[in-house]
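Here are the chains, one letter per residue:
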Amino acid sequence: PLFVGAFAPSTRSTFAAPSVLKAAESEVSFGDLDGSEIRVGIIRTRWNEEHVKNLVDGCRKALKECKVKDENIFETTVPGSYELPLAARFLALSGTVDAIVTAGVLIK
């Protein structure tokens, strides 16, 4: 056959084993994460404030669970989702944070 490998088309009908489907039901765990020395920048949009606020609140909750200190979380806003990539680039190039989270919502 021309294609060989896991992604090659097959003439046989195969089904995933039950153990593969079980993975979707299991919980992913990373153990104890220590983010006490990590600086995180959160860039949020001003549009769709209600939805973006929920995203940022969830992000802050997850960061707190990873022991990131409140004083190590930098938060700023941009007008809309169109500005998020450039703002994230500028923040990354500044070297002031170790990680960047962007939060914006597009509703059609």
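Counting of residues starts from 1 at the beginning of each chain's written sequence and follows it residue by residue. The predicted nature of this model means local features are confined to residues of pLDDT at least 70 and side-chain atom pairs, given and counted, to a pLDDT of 80 or more, with totals for whole chains, interfaces and linings taken over all residues. By convention in this description, side-chain values take in all heavy atoms of the structure and omit both hydrogens and water.

K.L.:
Explain the state of the cysteines here, please?
P.N.:
When the sulfur atoms of two cysteines share a covalent bond, that bond is a disulfide. In plain terms, two cysteine sulfur atoms within 2.5 Å form what is called a disulfide here. Counted according to the given criterion, the structure contains zero disulfides. Cysteine C59 shares no disulfide, and the gap to the nearest cysteine sulfur, in C66, comes to 9.7 Å. For C59, a relative accessible area of 15% puts it in the buried group. By relative accessible area, which is 24% here, C66 ends up partly exposed. Residue burial is assigned from relative accessible area. The probe radius is 1.4 Å, only protein chains are included, and a residue is buried under 20% of its type maximum, exposed over 50%, and partly exposed in between.

K.L.:
Before we go on, may I ask you to explain unusual backbone geometry in this structure?
P.N.:
Generally, phi is negative for residues other than glycine and the peptide bonds are trans, each holding for most cases. For N48, which is not glycine, the phi torsion reads 55° and is therefore positive. Classification of N48 as partly exposed rests on a relative accessible area of 27%. Of note in the backbone geometry, K67 takes a positive phi value of approximately 65° without being a glycine. Turning to its location among the elements, K67 is positioned in the loop between α2 (49-65) and β2 (73-78). Here a strand is any run of E in DSSP of at least two residues, a helix any run of H or I of at least four, and the numbering for each starts at the N terminus.

K.L.:
Explain the nonpolar core to me, please; I cannot follow it from the model alone.
P.N.:
One recurring pattern in soluble globular proteins is that nonpolar side chains are buried together. Core analysis: the largest hydrophobic core is formed by ten residues, namely V40, I42, V52, V56, C59, L63, V68, I73, A103 and V105. Mapped by element, the contributors of at least two residues to this core are β1 (40-45) and α2. Examining the composition of this core, we find that four residues originate from one element, α2, more than from any other. Membership of the second largest hydrophobic core comes to seven residues, among which are I43, V78, A88 and L91. The definition of a nonpolar core used throughout is a set of buried Ala, Val, Leu, Ile, Met, Phe, Trp, Tyr and Cys residues joined through side-chain atoms within 4.5 Å.

K.L.:
I keep staring at the pattern of salt bridges and nothing clicks. Help me out?
P.N.:
Working definition: two side chains of opposite charge can pair if their charged atoms are close together. Each salt bridge in this description consists of a side-chain nitrogen of Lys or Arg and a carboxyl oxygen of Asp or Glu lying within 4 Å of one another. Following the criterion strictly, the structure yields six salt bridges and no others. In this structure, R39 engages D98 in a salt bridge whose closest nitrogen and oxygen atoms are separated by 3.3 Å. Separated by 59 residues along the polypeptide, R39 in the loop between α1 (18-25) and β1 and D98 in the loop between α3 (84-94) and β3 (99-103) bring together distant segments of the chain. Judged by relative accessible area, which is 34%, R39 ranks as partly exposed. One network of salt bridges, with partners in common, ties together R44, E49, R60 and E75.

K.L.:
Quick question: what am I supposed to make of the sheet that holds β3 here?
P.N.:
Hydrogen bonds along the backbone pair up the strands of a sheet, which may run parallel or antiparallel. Any two strands between which DSSP finds at least two bridges are classified as paired. The parallel open sheet is built from three strands, whose spatial order is β2-β1-β3. For this open sheet the edge positions go to β2 and β3, each flanked by a neighbour on one side alone. In this sheet, neighbouring strand axes are inclined to one another by 20° on average, regardless of whether the strands run parallel or antiparallel. Sheet topology note: the β1/β2 ladder contains six bridges and is parallel. Looking at β2, one finds that V40 is bridged to I73. Only C-alpha atoms enter the line fits that serve as axes; for helices the fit covers just the stretch in contact. Angles between N-to-C directions range over 0 to 180 degrees.

K.L.:
Looking at this model, I keep getting lost on the environment of E65. Mind explaining?
P.N.:
By the secondary structure assignment, E65 is in helix α2. Spatially, the C-alpha atoms of E65 and D32 are 9.3 Å apart, while their sequence positions differ by 33 residues.

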